[in-house]
Amino acid sequence: MGLISLNLAKAQGFVPEGMPEKMKEKGKAAQEELLSRGGRGNEFTGWIDLPEAYDRQEFERIQKAVGKIRSDSDVLLVIGIGGSYLGARAAIEFLGHSFYNELPKEKRGGPEIYFLGNQMSGTYAKEIMDVIDGKDFSINIISKSGTTTEPAIAFRIFKEIMENRYGKTESAKRIYATTDKSKGALKTLADAEGYETFVVPDDIGGRFSVLTAVGLLPIAVSGADIEKLMQGALDQRNELLSNKESNAALDYAVYRNIFREDGKEVEILANYEPGFHFVAEWWKQLYGESEGKEHKGLFPAAVDLTTDLHSMGQYIQDGNRILMETVLDLNEQRAHMDIKAQEDDLDGLNYLAGKSMDFVNKNAMNGTILAHNDGGVPVLVVNVPSQDEHSLGALFYFFEYACGISGYILGVNPFDQPGVESYKKNMFALLGKPGYEQLRDDLTKRL
């Protein structure tokens, strides 16, 4: 099975003379810093060896829990925010049917899956209540601490609904907590109530956690093969580590930093398949939270093409030249649809008769890449072999590995997120949380 590769052909013409050699040396030094665990944040680099060193016993427990959920539940509610849900949602949307939740259960094979606790909309919560009305459901609550506001509120609400419906004893058999292995509010509650628990590893931060129980449990509930997912990550890891002098992830980290130093401020991740939408959302968190520090880093944005060519296309083509673009190119489609001739040909499309929609899509992609090049946008192309578990596992690992290298090239700690604490303190103060009285007074005067 193929692995992730990188095509630089539509980027090299924008590279300043001498820059690739200079940045490649920085990249190789950053790669060594990452692999030697000698850099800032090294205590959160457990993801590097995860594809071969994961806990096999927990993996088996995940699969056993998945069997129970798929047999006794019409709905699984996945409660988490940021890295606690984005990886799982990315995998489910990429690997599964585009209309998974709308399919009859006999075609779907497992429960409907809904994500909540990733915002604080009362409307959304109420409408999830309508969805689960009259249906058997289970909950996977994912939180290292158990006190993160958004998922904690959602869990309060839906745990109460569950306990009112099933009673505490039966509810305890339907709640699966992915949390710290030994401490925290959620771990304390899980132990007291008898929930089955899975571990958020201490040495893996949330945005790098998709290949732990954080992602694997809900991904497997959807019917995806998590063994193949892990194998894809392992194969990609082995390929990268066996070619340290030159590999696709190193080149990706190097070229995005070349363009950053040359004045680019925004990296657009573009895709031409709807299944990539939440992969891009996962990627945005991975790079935004890892590199957006000390007033540094490329701003990670994403577009779904060709859809967004009819909204954002004008800006990408002719707007401020602060952009670089990375295209996710899916090499092999999961399904094929041919275009048929029509006798009247009123829409003028008979010239495409006998061609597939994928043929049209690929040519739209290639034409757009050339147009963006002509408009002054350098384009990197990440080749993804197919829409399956092996390729996705490889893609997850490719981006994580490149992110670690890129962060060290940039000179930041890629594994912390100090900036996100500022809004939390302000929110707690304005909500009236005890201990924040003085800050609340100060903030109130500013509003």
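Up top is the structure.
Description of the structure in this document. Note on numbering: residues in each chain are counted from 1, in written sequence order. For a predicted model such as this one, the threshold for reporting local features is a pLDDT of at least 70, and the threshold for listing and counting side-chain atom pairs is 80 or more; totals across whole chains, interfaces and linings nevertheless cover every residue. Water and hydrogen atoms play no part in the side-chain values, which are based on all heavy atoms of the structure.

1. Examining the sheet that holds strand E4 (residues 137–142)
Consideration 1: For two strands to count as paired, DSSP must find a minimum of two bridges between them. In this description a helix means any DSSP run of H or I spanning at least four residues, a strand means any run of E spanning at least two, and both kinds are numbered starting from the N terminus. The parallel open sheet is built from 5 strands, whose spatial order is E3-E2-E4-E5-E6. Of all the strands in the sheet, the pair left with one neighbour each is strand E3 (112–116) and strand E6 (196–199). Taking each pair of neighbouring strands and ignoring which way they run, the sheet shows an average axis angle of 20°.
Consideration 2: With respect to the sheet, helix H6 (residues 122–132) is in contact with strand E2 (75–79), E3 and E4, its orientation differing from that of E3 by roughly 160°. Every axis in this analysis is a line fitted to C-alpha atoms, fitted for helices over the stretch in contact. Angles between the N-to-C directions lie between 0 and 180 degrees. A contact between two residues is defined here by any heavy atoms of the two lying within 4.5 Å.

2. Structural notes on the packing of helix H9 (residues 213–221) against helix H10 (residues 226–241)
Consideration 1: Viewed as axis vectors pointing N to C, H9 and H10 meet at an angle of 135°, and their least axial separation amounts to 10 Å. For the element pair H9 / H10, the angle class is oblique. Across the interface between the two elements, Leu216, Ile219 and Ala220 from H9 touch Ile226, Leu229 and Met230 from H10.
Consideration 2: Three classes are used, and their members are as follows: Ala, Val, Leu, Ile, Met, Phe, Trp, Tyr, Cys and Pro are nonpolar, Asp, Glu, Lys and Arg are charged, and the others, Gly among them, are polar. Looking at the contact of H9 with H10 residue by residue, the classes come out as 6 nonpolar, no polar and no charged. Throughout, the term roughly parallel applies to angles under 35 degrees, roughly antiparallel to angles over 145, roughly perpendicular to angles from 65 to 115, and oblique to all others.

3. Regarding the packing of aromatic side chains
Consideration 1: By convention, a stacked pair of Phe, Tyr or Trp rings (six-membered ring in the case of Trp) has centres within 6.5 Å and planes under 30 degrees apart, an edge-to-face pair has planes over 60 apart, and any other such pair is tilted. If you walk through the whole model with that rule in mind, you get 20 aromatic pairs.
Consideration 2: Ring geometry for phenylalanine 155 against tyrosine 195: centres 6.4 Å apart, planes inclined by 85°, an arrangement best described as edge-to-face. Of this pair, phenylalanine 155 sits in helix H7 (residues 149–172) while tyrosine 195 sits in the loop between helix H8 (185–193) and E6, and the two are 40 residues apart along the sequence.
Consideration 3: When the ring of tyrosine 252 is compared with that of tyrosine 287, the centres are 6.1 Å apart and the planes differ by 80°; the resulting orientation is edge-to-face. Residue tyrosine 252 is found in helix H11 (residues 248–261), and its partner tyrosine 287 is found in helix H12 (residues 277–291); the two are separated by 35 residues along the sequence.
Consideration 4: Whether a charge lies above a ring is judged from NZ of Lys or CZ of Arg, which has to be within 6 Å of the ring centre and within 35 degrees of the ring normal. For arginine 108, the ring lying beneath its charged end belongs to tyrosine 100, and the centroid distance is 5.9 Å.
Consideration 5: One residue, arginine 174, lies across the ring of tyrosine 166, its end atom 4.5 Å from the ring centre.

4. A word on unusual backbone geometry
Consideration 1: For the bond from leucine 305 to threonine 306, the omega torsion is 15°, close enough to zero to count as cis.
Consideration 2: Inspection of the secondary structure puts threonine 306 in the loop between strand E8 (299–304) and helix H13 (313–318).
Consideration 3: We note that arginine 37 has phi near 60°; this positive angle belongs to a residue other than glycine.
Consideration 4: With respect to the secondary-structure elements, arginine 37 resides in the loop between helix H1 (19–35) and helix H2 (50–53).
Consideration 5: If you check the backbone angles, histidine 295 has positive phi at about 60° while not being a glycine.
Consideration 6: Residue placement: histidine 295 occurs in the loop between H12 and E8.

5. Some thoughts on the packing of helix H4 (residues 86–95) against H12
Consideration 1: The interhelical angle for the contact between H4 and H12, taken along N-to-C directions, is 155°, at an axis separation of 7 Å. When the interaxial angle is binned, H4 and H12 end up roughly antiparallel. Crossing of H4 over H12 shows left-handed handedness. Taken together, the residues of H12 that come into contact with H4 (itself represented by Leu86, Gly87, Arg89, Ala90, Glu93 and Phe94) are Phe278, Val279, Glu281, Trp282 and Gln285.
Consideration 2: The residue makeup of the contact of H4 with H12, split by class, is 6 nonpolar, 2 polar and 3 charged. Throughout, a crossing is termed right-handed when the near helix is turned clockwise from the far one, and left-handed when it is turned anticlockwise from it by less than a right angle.

6. Let's talk about the side chain of serine 73
Consideration 1: Considering the arrangement of structural elements, one finds serine 73 in the loop between helix H3 (56–72) and E2.
Consideration 2: Within polar-contact distance, the side chain of serine 73 engages the side chain of arginine 174 at 3.5 Å.
Consideration 3: In this view, serine 73 contacts Lys105, Pro111, Asp136, Phe137, Ser138 and Arg174; residues no more than four positions away in its chain are not counted. The term polar contact refers here to a pair of N or O atoms within 3.5 Å; inside protein, the definition further demands a hydrogen-donor-capable atom paired with an acceptor-capable atom, and it admits residues adjacent in sequence only when both atoms are side-chain atoms.

7. Some points on the nonpolar core
Consideration 1: Here, the term nonpolar core denotes a set of buried Ala, Val, Leu, Ile, Met, Phe, Trp, Tyr and Cys residues that are joined through side-chain atoms within 4.5 Å. Buried residues are those whose accessible area, probed at 1.4 Å on protein chains only, stays under 20% of the maximum for their type, while exposed residues exceed 50% and partly exposed ones sit between those limits. One finds Leu395 and Phe399 to be the most contacted residues of the largest nonpolar core, which totals 92 residues.
Consideration 2: Looking at which element gives the most residues to this core, the answer is helix H15 (residues 389–410), with 13 residues.
Consideration 3: Every residue in contact with phenylalanine 399, bar those within four places of it in the chain, is listed here: Tyr252, Leu269, Trp282, Trp283, Leu286, Tyr287 and Leu328.
Consideration 4: If you look at the next biggest cluster of nonpolar residues, it comprises 22 residues, including Ala125, Phe155, Ala177 and Tyr195.

8. Side note on H7
Consideration 1: Given the number of residues in a helix, its expected span is that number minus one, multiplied by 1.5 Å. The end-to-end C-alpha separation of H7 is 22 Å, well short of the 34 Å expected for 24 residues at 1.5 Å each.
Consideration 2: Among all positions of H7, only Thr149, Glu150, Pro151, Ala154, Phe155, Phe158, Lys159, Met162, Glu163, Tyr166, Ser171 and Ala172 are buried.

9. Let's talk about the sheet that holds strand E7 (residues 266–271)
Consideration 1: Within the open sheet, the 5 strands sit side by side as E1-E10-E9-E7-E8. Their pairing is mixed. Each edge of the open sheet is held by one strand with a lone partner, namely strand E1 (5–7) and E8. Sheet twist, expressed as the mean angle between neighbouring strand axes with direction ignored, is 25°.
Consideration 2: Both E7 and strand E9 (residues 323–332) contribute to a ladder of 6 bridges, which runs parallel. If you follow isoleucine 268 over to E9, its bridge partner there is glutamate 325.
Consideration 3: Together, E9 and strand E10 (379–386) form the strand contacts of helix H14 (residues 357–374), whose direction differs from that of E9 by roughly 160°.
Consideration 4: Contacting E7, E9 and E10, H15 crosses the sheet at an angle of about 150° to E10.

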